Amino acid sequence: MSQLEGKLGIVFGVANKRSIAWAIAQAWHRAGARLAFTYQGERLKENVEELVGTFGPDTLLLPCDVTKDEDIDRVFAEVGAKFGQLHLLLHSVAFAPKAALEGEFINTSREAFRISHDVSAYSLIALARGAAPLMTAGGSIVAMTYYGSEKVVPHYNVMGVAKASLESSTRYLAYDLGTKKIRVNCISAGPVNTLAARGIAGFTEMLNHYEAHSPLRRNVLPEELGATGTFLASDGAAAITGQVLYVDCGYQIMGM
Ligand code: NAP
């Protein structure tokens, strides 16, 4: 039997075919899961519609701006009506204003700090709260994070602080939801060339640096993130919760 046969999941954060969410969704789908998707705005609708259409014409696709409680409420009401239950949730959503990812961290504005944390960290709490009542047979919530949460990565700036909040939220959610057999974990991915990543000043330099200095001397592949996402969603990870798993070709262990 496929690893995720019979599982029902929802994926937040597919913007295009390069999105990490798309790599994990494809892996979940191949492992047997049935998935619903959300997209942020009309701008992306057509793109995402085309991608998720490859999973079958009746694939549920809903608009959701994660900063809007009414959007989140509507998404889980519609998923509940269509699926009746939920086992998997992927949080692959982040945003910081471009200016905040270019200059010095000390110049982070109050508004850039607020919006980065709202979209990139608070949203995990709101989505977990929406999903939990549907995860009646337990579940797995997976969020995407980055090493800039714990070490200074030049230009990552306020996004690093938001990722620290996301990782800490993961631990508190894991505690709250543990008795319901809902697990919450983060995948800390090495750099991947996506739309969001290209907004970070010096991103190409980051790719080159990982290739030169990680123990495996290369960058992570999207399909490897898909494989880890499938593992975390599967019963093989039944006793793993509240963790940050580094899928970065080993870069995180290096001191120099
Ligand atoms: P991506 O394809 O651009 O995905 C980011 C997604 O977040 C997009 O679908 C984006 O939609 C969505 N989003 C932004 N604001 C939103 C909002 N208010 N409501 C709903 N959705 C919103 O880039 P990605 O690299 O795959 O990023 C996915 C996750 O992986 C992020 O959490 C990122 O921090 C994390 N990550 C990425 C890397 C990397 O190197 N790429 C490494 C480690 C971790 P719009 O396009 O409409 O804004």
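Here, the structure is the one placed above.
All of the points below concern the structure found in this document. This is a predicted model, so every value here is computed, not measured. (Residues numbered from 1 in each chain as written. Predicted model: local features only at pLDDT ≥ 70, side-chain atom pairs only at ≥ 80, totals over all residues. Heavy atoms only, no water.)

Moving on to the pairing of strand β2 (residues 34-39). Burial analysis of β2 places five of its six residues in the buried class, the great majority of the element. Bridge analysis of strand β1 (residues 8-12) against β2 gives five bridges, and the strand direction is parallel. Across the sheet, Val-11 pairs through a bridge with Phe-37, a residue of β2. Note that the unit made of β1, helix α1 (residues 20-30) and β2 has a crossover that is right-handed. (Buried < 20%, exposed > 50% of the residue type's maximum accessible area, 1.4 Å probe, protein only. Helix = DSSP H or I, 4+ residues; strand = E, 2+ residues; numbered from the N terminus. Pairing = 2+ DSSP bridges. Right-handed = clockwise from strand over helix to strand, strands pointing away.)

In this section: the site of the ligand. The full set close to the ligand counts 29 residues, and Ser-19, Gln-40, Lys-163, Val-192 and Thr-194 are the nearest of them. In the model, an oxygen atom of the ligand is placed 3.1 Å from a nitrogen or oxygen of the Arg-43 side chain. A total of 870 Å² of accessible area belongs to the ligand in isolation, and the protein chains cover 92% of it. Elements supplying a minimum of two residues to the shell around the ligand: α2 (42-53) and β5 (139-145). Residue composition of the shell around the ligand, by class: 19 nonpolar, seven polar and three charged. (Near = heavy atom within 4 Å. Polar contact = N/O pair within 3.5 Å; in protein donor to acceptor, adjacent residues only side chain to side chain. Areas by Shrake-Rupley, 256 points an atom, 1.4 Å probe, with all protein chains shown as cover. Nonpolar A, V, L, I, M, F, W, Y, C, P; charged D, E, K, R; others polar.)

The next point concerns the packing of α1 against helix α7 (residues 222-233). The contact between α1 and α7 brings their axes to 8 Å, and the two run at 55°. Between α1 and α7, the crossing angle belongs to the class labelled oblique. In this structure, α1 meets α7 at a crossing whose hand is right-handed. In contact with Ile-20, Ala-23, Ile-24, Ala-27 and Trp-28 of α1, α7 contributes Pro-222, Leu-225, Gly-226, Ala-227, Gly-229, Thr-230 and Ala-233. Across the contact of α1 with α7, the residue classes tally to nine nonpolar, three polar and no charged. (Axes fitted to C-alpha atoms, helices over the stretch in contact; angles between N-to-C directions. Parallel < 35°, antiparallel > 145°, perpendicular 65-115°, else oblique. Left-handed = near helix turned anticlockwise from the far one by under 90°. Contact = heavy atoms within 4.5 Å.)

Let's shift gears to the packing of aromatic side chains. Across all of its chains, the model carries seven aromatic pairs by this definition. Considering the side-chain rings of Phe-12 and Phe-76, the 6.1 Å spacing of their centres and the 40° angle between planes classify their relative orientation as tilted. With a gap of 64 residues between them, Phe-12 in strand β1 and Phe-76 in helix α3 (residues 69-83) connect regions that are remote in the sequence. Ring centres of Tyr-147 and Tyr-251 lie 5.8 Å apart, and the angle between their planes is 85°; on these two criteria the pair is classed as edge-to-face. A residue pair is termed long-range when its members are at least 10 positions apart, and Tyr-147 in the loop between β5 and α5 (157-177) and Tyr-251 in the segment after β7 (244-247) qualify at 104 residues. Just as Tyr-147 is buried, Tyr-251 falls in that class too. The structure contains a cluster of three or more aromatic residues connected by ring pairs, namely Trp-22, Phe-37 and Phe-55. (Phe/Tyr/Trp six-rings, centres within 6.5 Å; stacked < 30°, edge-to-face > 60°.)

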